[in-house]
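# Report on the structure
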Amino acid sequence: MKVLVTGAAGFIGSNLVHFLAQERPDWQITALDLLTYAGNLKNLSSVLDSKRVSFVKLDIADDKAMRRLFEEGKFDLVFHLAAESHVDRSIMSSFEFVRTNVLGTQVLLDAARAHGVGRFVHISTDEVYGSLGPTGAFVETTPLDPTSPYAASKAASDLMVLAACKTHNFNASVTRCTNNYGPFHFPEKLIPLFITNAMEGKKLPLYGDGMNVRSWLYVTDHCDALLRVAEKGTAGEVYNIGGSEDAELPNREVTFAILDMLGKSRDLIQPVGDRPAHDRRYAIDHSKITRDLGWTPRTPFKVGLEQTVTWYLENRSWWEEIKSGAYLSYYEKNYANRG
Ligand code: NAD
Ligand code: DAU
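Attention here is on the structure that accompanies the text. Worth saying up front: this structure is predicted, and the values here are computed from it rather than measured.

### Description of the overall build of the chain
For the chain, the count of helices and strands is 13 helices and 12 strands. Relative to the globule expectation of 20 Å for 339 residues, the C-alpha radius of gyration of the chain, 19 Å, shows essentially globular dimensions. Sorting the 339 residues of the chain into buried and exposed places 57% on the buried side. Summing over all exposed atoms, the chain offers an accessible surface of approximately 14,000 Å²; the carbon and sulfur share of this is 51%.

So this is what it looks like as structure tokens:
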């Protein structure tokens, strides 16, 4: 089986490559990534030693390069994760979000169809559904109502994938997952940012009243769901993937848990101005993937968070290297005017 993983040097992509290398040892995996600010080859260093995983640095929005890659690669299966993924950056500038997430997805779809790819899994997000009130959960038929440029670009890409299924009988499925956490998570997102800031004795900038709710899923559980969708999912279908009930938490609670695990004071919390159009609550009804593909989230939040905190404690050089240079300019820009 020849498999392409796009966005393979990012957070979820690199965890997926590790997971597939372990779970499907006979697969030949091509790991593709443009190595933007969020991509890091170190995330793949232990698997790149094996002959079963090879790396290519390419841009998914480069039509010629993609057609050449697909012609030579003869892939049976594609996991498409490459994306611009951070909501705050999409608010500062949206261009790359449309270029990579929308145009890049269409370029991949065209190349995959032209070269007879048998199965395509498009990794999307619950953010396409918008914001929930205090009760209820997103189902696969919830109308799309994205509120950030990031979420809007993901919704557009989902629709292009589903259109290819309808128009061209293309064998693709779309997955929509809640917030992931775990090793190799870029320290611009809440959990890795707050763990590393706390380790450095820096303030933790909590947006608004800290009561926005996210549903957290340990990244390996997400990878397990993606493999099931690839192997047993149905063409043209959307699958919601989400955390267990204990993992649906206001940001304040997540922040307290991180500080407690690190033995740090809650005085490090710094309430700051809110994210524009900050979605109040996400929650996923994942009964479809449970019923059809036998998947459920396995890792309790407390266990997953402890594993994650331990990973950041043990891999200080990984994140210290990231939190320098261009990262510091981004940080300054994002947090400067929040009061
Ligand atoms: P990430 O930002 O850590 O990784 C994205 C990767 O894509 C990076 O390695 C980057 O270099 C690469 N990339 C960006 N532009 C590219 C281009 N033009 N060509 C090739 N590679 C390019 O993101 P992540 O958190 O790992 O998310 C992966 C996917 O999962 C995204 O599609 C995201 O929308 C989706 N998702 C993420 C979460 C989450 O909580 N992190 C939840 C649900 C869905
Ligand atoms: O729901 C899935 C989505 O989860 C993915 O599609 C996105 O790629 C991923 O980035 C994530 O989006 P969020 O916006 O929910 O994640 P983030 O870590 O940026 O923020 C989580 C919550 O924490 C959110 O309510 C905003 C808040 N927050 C975030 C940061 C970075 C803060 O309070 N302070 C911060 O500094």
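### What to know about the site of ligand 2
For ligand 2, the set of nearby residues contains 26 residues, the closest of which are Asp126, Glu127, Tyr150, His278 and Tyr335. Take Asn179: an N or O atom from its side chain is 2.8 Å from an oxygen atom of ligand 2. Pro205 is positioned with one of its backbone polar atoms (N or O) 2.8 Å from a nitrogen atom of ligand 2. In the complex, the protein chains occlude 95% of the 690 Å² of accessible area that ligand 2 would expose alone. Of all the elements in the fold, those that place two or more residues in the shell around ligand 2 are α4 (87–92), α7 (190–200) and β8 (204–207).

### Regarding the sheet that holds strand β10 (residues 238–241)
In spatial order, the strands read β3-β2-β1-β4-β5-β6-β10; together these 7 strands make up an open sheet with parallel pairing. In the strand order of this sheet, the two ends are held by β3 (53–57) and β10, each with one partner. Each neighbouring strand pair of the sheet contributes to a mean axis angle of 20 degrees, computed without reference to strand direction. As paired elements, strand β1 (residues 2–6) and strand β2 (residues 28–33) share 5 bridges and run parallel to each other.

### A few points about the site of ligand 1
Ligand 1 sits among 29 residues. The nearest are Ile12, Asp33, Ser85, Tyr150 and Lys154. Taking Thr100, its side chain carries an N or O atom lying 3.1 Å from a nitrogen atom of ligand 1. Relative to its unbound accessible surface of 830 Å², ligand 1 loses 96% to contact with the protein. Going through the elements one at a time, α1 (11–23), β2, β5 (119–125), α6 (149–168) and β7 (179–181) are the ones with two or more residues in the shell around ligand 1. The greatest single-element share of the shell around ligand 1, amounting to 3 residues, is contributed by β5.

How each quantity is defined
Residues numbered from 1 in each chain as written. Chains lettered and ligands numbered in written order. Predicted model: local features only at pLDDT ≥ 70, side-chain atom pairs only at ≥ 80, totals over all residues. Heavy atoms only, no water. Helix = DSSP H or I, 4+ residues; strand = E, 2+ residues; numbered from the N terminus. Rg over C-alpha atoms; globule rule 2.2 N^0.38 Å. Buried < 20%, exposed > 50% of the residue type's maximum accessible area, 1.4 Å probe, protein only. Areas by Shrake-Rupley, 256 points an atom, 1.4 Å probe, with all protein chains shown as cover. Near = heavy atom within 4 Å. Polar contact = N/O pair within 3.5 Å; in protein donor to acceptor, adjacent residues only side chain to side chain. Pairing = 2+ DSSP bridges. Axes fitted to C-alpha atoms, helices over the stretch in contact; angles between N-to-C directions.

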